[in-house]
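# Observations on chain architecture
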Amino acid sequence: MDAEKIVKLQREYYRAGNTRPYSFRRKMLETLEKMVKKYESQIKKALYEDLHKSSQEAYMTEIGLALSEISYVKKHLRVWMKEKRVPVPLVHFPAYGSVIHEPYGVVLIMTPWNYPFLLNLEPLCDAIAAGNCCVLKPSAYAPASSHLLKKMIQETFPPEYITVVEGGRKENCQLLEERFDYIFFTGSPEVGKTVMEKAAAHLTPVTLELGGKSPCIVDDTANIKMAAKRIVFGKFINCGQTCVAPDYVLVHKKKKEELIKFLIYWTKDFWGENPLENPDYPKMITEKHFQRVSGLMSEGRIRLGGEIDKGKIQITPTIIDMVKWEYKIMGEEIFGPVLPVLEYEDTEELLRILEEKEKPLALYLFTGSRKEKEKILSGLSFGGGCVNDTLMHLATPYMGFGGVGNSGMGVYHGKDGFETFSHRKSILHRGTFPDLSIRYPVYSEKKEKFIRKFLK
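These lines cover the structure that appears in this document, whether it is placed above or below. These numbers come from a predicted model, not from an experiment.

## Let's talk about the sheet that holds strand β1 (residues 84-86)
- Strand order across the open sheet formed by three strands is β1-β2-β20, with antiparallel pairing between neighbours. Each edge of the open sheet is held by one strand with a lone partner, namely β1 and β20 (422-430). Each strand of the sheet is rotated relative to its neighbour by a mean of 30°, with strand direction disregarded.

Here it is as structure tokens:
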């Protein structure tokens, strides 16, 4: 791979003006949509090979969401691209203001392995809509998906417009040495710091979609059976390897045993008595990740699961009770099918504890109390989340998705994605008459008094 050559080739293509017209962007979005539909069966096969995802899960969590994003962006792109008129102060008369969305140019999109198609295709869709050229760098941990993505892009788009660079850490480092106009990264906070450091050398703007320990709070007014059902869905889909999965549950002391009972009930209902024999149950991505998550189950009391299959690198959905904040499992993002359950009594104390933690990518609250909802949502900072559900806030193009603090910066999806990959250029359009003399030297007390009236 010659990273310098790739960037140079794309920059020349961008500077020729090829990507800017609406007609071109619309056509490329349609081409991207056709590509996804054409390769749907192969995408499902690759996802099964890398992560053991079932056909339905592959479509529901990757293919379908990508197609939904493309469809939404296509529908609204013309309006988003229009120059926007904005008011200006009277002191500028005669004048009007406008905001123009222009592409950044050549962008780098670096993605993880856990949703290897969705997390490439969604930001790619937004980058295309904004009029950029793009280099995609998928994770080497999902080789079947990475190889297929490269094949799909090579057969669909010219490399001077969109290209895929495969490889691991070496290729990542080579790409980050180049001067891109924008970098979009999804991954861990640790690698995110490196990306930001490298981007700083060129003053390249970044979006960082990271992770963290996303809490799930269940108070004593919640519908416990429904809460358990939706927590189990959000936690164990993709074998827990989801950046916005509920990392741990904080349940009111009065409802803990009832919640655990239903967590166990729904887990068995979804995956059976022996998930290791269920052909639709996903696996861990690598032996390394399998060993790390397996090592988190030694503290606390296992209420369900805890079984492993080293050959298939699978861990059964596991629910752990009697967990303390100082345990190892509470010191890092789990990113696997292990769910710790902690109890609380006082909301104010709970808020104090969570305020001291790093800001998470997501927070989930199950409650029937409006007062409790307002207290928790206004009292804690987090990227986004749901009330009485999990995960579903990221499955809509109508709202932006992103982190805050340690869980990331910047947003995408829908219009927010278009704006993320666009520079908003502000223009003041002035008339030539009249040209008031008060702003020009020579200055005087009389002129200052006149200016004060205009600038109040």
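## Structural notes on the pattern of salt bridges
- Summed over all chains, the structure comprises 20 salt bridges.
- Of the charged contacts, one joins Glu445 and Lys449 as a salt bridge, the two residues approaching to 3.7 Å between their closest N and O atoms. Of this pair, Glu445 and Lys449 both sit in helix α15 (residues 445-454), separated by four residues, roughly a single helical turn.
- Look at Glu445 and you get exposed, because its relative accessible area is 58%.
- Shared partners join several salt bridges into a network, and the residues in it are Lys256, Glu257, Arg301, Arg303, Asp321 and Glu343.

## Things to note about the side chain of Thr207
- Examined against the element boundaries, Thr207 turns out to sit in strand β7 (residues 206-209).
- With a relative accessible area of 0%, Thr207 lands in the buried category.
- At 2.6 Å, the side chain of Thr207 and the side chain of Tyr182 are in polar contact.
- The residues touching Thr207, leaving out its near neighbours within four places in the chain, are Tyr182, Ile183, Phe184, Phe185, Met409, Gly410 and Thr420.

Thresholds, definitions, all that
- Residues numbered from 1 in each chain as written.
- Predicted model: local features only at pLDDT ≥ 70, side-chain atom pairs only at ≥ 80, totals over all residues.
- Heavy atoms only, no water.
- Pairing = 2+ DSSP bridges.
- Helix = DSSP H or I, 4+ residues; strand = E, 2+ residues; numbered from the N terminus.
- Axes fitted to C-alpha atoms, helices over the stretch in contact; angles between N-to-C directions.
- Salt bridge = Lys/Arg side-chain N within 4 Å of Asp/Glu carboxyl O.
- Buried < 20%, exposed > 50% of the residue type's maximum accessible area, 1.4 Å probe, protein only.
- Polar contact = N/O pair within 3.5 Å; in protein donor to acceptor, adjacent residues only side chain to side chain.
- Contact = heavy atoms within 4.5 Å.

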